[in-house]
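Structural overview for review
As a plain string of letters, each chain reads:
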Amino acid sequence: MKRKLVSTFLSVAMAASLLVGCGGGSAPASSDTNTDTATETSTEAPADTATEEASTETTEAADTTASGGGKVGVAMPTKDLQRWNQDGDNMKKQLEDAGYEVDLQYASNDIATQVNQIENMISSGAQVLVIASIDGDSLGTVLEQAKEQGIQVIAYDRLIMNSDAVSYYATFDNYMVGTKQGEYIRDQLDLDNAAGPFNLEIVTGDPGDNNARFFYGGAIDVLQKYIDEGKLVVKSGQVEFDEVATANWATETAQSRMDAIISANYADGTKLDAVLCSNDSTALGVTNSLEANYTGDWPIITGQDCDIANVKNMIAGKQSMSIFKDTRTLAAKTVEMVDAIMKGTDAPVNDTETYDNGTGIIPSYLCEPVFADANNYKELLIDSGYYTEDQLQ
Ligand code: BGC
């Protein structure tokens, strides 16, 4: 029933997913952060990202080329996942280059911390807020304050739900991310021709992140038919979104769930053919679990973000693909939105029907995700300057 609702909702998304990629990005700002852990308690992060305390970065727009300027608050969920560091770095650099003062904060995946940080941004004079929420449903009250003060809000990557303070949404086409993951499994297993049956397990993301339902919905809309036909068998029996969700997208949580699935279903040598993982932090957990517990032929494993640890796994044959979402282009698009708001003009959008946050449709700009694998990663990730070759060794 629940899935039916999601599917109905998502079929609108599908209709709207004929879109074009983001406008070009600017200087790469990738940082090699530790992706081996997925909780904020990590002590293994490299020096530049070691603590969240060190992650508060308010900068003056000292650049003499700065235009009129103004202050922009940028709230990111966590430093623990590599992509958010890149998002934050890219946004800060591009906003500063455009002449704005930037207050960039990371919240250790803690909702109360994020609410606090946004309150501080409001009281310290931010004119626009760019927010990648931890829990899309938890910012309604603080954003009322923003609205009262005429501060506009851009939801970054994740939609902020049930708040009419949100002016725009800048993201990747999240449904398309899931579709590409599902199609990858379909094509690799040749589901339309091979006899099967094949064993599949599913690991998706945090229930408080609206994106997780889109990723899951896009993938399941491709794969459900084969599950119904019996060509894909989910031996754990866990298929519904709530059964396959991973709180906080945590690597450790995905890993322990996979440990349990393997010991109950695959410990006797039964082959696991594919694991649909919605992103790289969950794929890492699944890979860790398989390495420790599974003796059969290695399954197809999907992912998303092209985090360094996962690209290394891809090169080593331990992860099959990852969706590449170039954070430089998302940052560039968001900076255009900020600029338009500051200048009192309309921001660029390319989707006005997919993302209803409970108060109405939020005008969105959807960037196009692409998939990376061992064959094309060099072109996508190294030649484009996203990573250096050294970072992937
Ligand atoms: C983002 C993904 C990311 C996940 C976990 C999602 O909202 O779109 O890129 O992997 O959150 O942080």
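Here is what the cut-offs are and how they apply
Residues numbered from 1 in each chain as written. Predicted model: local features only at pLDDT ≥ 70, side-chain atom pairs only at ≥ 80, totals over all residues. Heavy atoms only, no water. Helix = DSSP H or I, 4+ residues; strand = E, 2+ residues; numbered from the N terminus. Buried < 20%, exposed > 50% of the residue type's maximum accessible area, 1.4 Å probe, protein only. Contact = heavy atoms within 4.5 Å. Areas by Shrake-Rupley, 256 points an atom, 1.4 Å probe, with all protein chains shown as cover. Patch = residues over 30% accessible without salt bridge, like charges linked within 9 Å, V, L, I, M, F, W, Y side chains within 5 Å. Salt bridge = Lys/Arg side-chain N within 4 Å of Asp/Glu carboxyl O. Lys, Arg positive; Asp, Glu negative; His and termini not counted. Charge placed at Lys NZ, Arg CZ, Asp CG, Glu CD. Near = heavy atom within 4 Å. Polar contact = N/O pair within 3.5 Å; in protein donor to acceptor, adjacent residues only side chain to side chain. Nonpolar A, V, L, I, M, F, W, Y, C, P; charged D, E, K, R; others polar. Expected span 1.5 Å × (residues − 1). Axes fitted to C-alpha atoms, helices over the stretch in contact; angles between N-to-C directions. Parallel < 35°, antiparallel > 145°, perpendicular 65-115°, else oblique.

Scanning the chain from terminus to terminus reveals twelve helices and 13 strands. Each of the 393 residues in the chain was classed as buried or not, and the buried ones make up 58%. Put simply, of all contacts in the chain between residues at least 6 apart along the chain, 76% involve residues at least 24 apart. For the chain, the exposed area adds up to about 14800 Å²; of that, 48% sits on carbon and sulfur atoms.

What follows concerns a negative patch on the surface. There is a patch of like negative charges on the surface, built from Glu379, Asp383, Glu389 and Asp390. Structurally, the position occupied by glutamate 389 is in the segment after helix H12 (377-382).

Near the ligand lie 13 residues; those nearest to it are Arg83, Asp157, Arg158, Asp209 and Asp305. Here asparagine 279 contributes a side-chain N or O atom positioned 2.8 Å from an oxygen atom of the ligand. Interatomic distance of 2.5 Å between a side-chain N/O atom of aspartate 305 and an oxygen atom of the ligand. Here the ligand, which alone exposes 310 Å², has 98% of that area covered by the protein. Only helix H2 (82-97) and helix H6 (210-229) provide two or more residues apiece to the shell around the ligand. Split by residue class, the shell around the ligand holds four nonpolar, three polar and six charged.

What follows deals with H6. The end-to-end C-alpha distance of H6 is 29 Å, a good match for the 28 Å that 20 residues give at a rise of 1.5 Å each. Burial analysis of H6 places 15 of its 20 residues in the buried class, the great majority of the element. The backbone nitrogen of asparagine 211 lies 2.9 Å from a side-chain oxygen of the residue at the head of H6, namely aspartate 209. A positive phi of about 85 degrees marks glycine 230, the residue just after H6.

Looking now at the pattern of salt bridges. Applying the stated criterion to the full structure yields 14 salt bridges. Put simply, lysine 225 and aspartate 192 hold a salt bridge, and the shortest N to O gap is 3.6 Å. One end of the pair, lysine 225, is in helix H6; the other, aspartate 192, is in the loop between helix H5 (174-189) and strand S7 (198-203), with 33 residues separating them in the sequence. What makes lysine 225 partly exposed here is its relative accessible area of 44%. Look at aspartate 192 and you get partly exposed, because its relative accessible area is 48%. One connected set of salt bridges, linked through shared partners, spans Arg83, Asp87, Asp157 and Lys325.

This part takes up the packing of helix H3 (residues 111-123) against helix H4 (residues 140-148). The N-to-C vectors of H3 and H4 enclose an angle of 10 degrees; their axes lie 10 Å apart at closest approach. Considering the angle they form, H3 stands roughly parallel to H4. In this structure, H3 contributes Val115, Ile118, Glu119 and Ile122 to the contact, and H4 contributes Val142, Leu143, Gln145 and Ala146. Each residue belonging to the contact of H3 with H4 can be placed in one class, and the counts come to six nonpolar, one polar and one charged.

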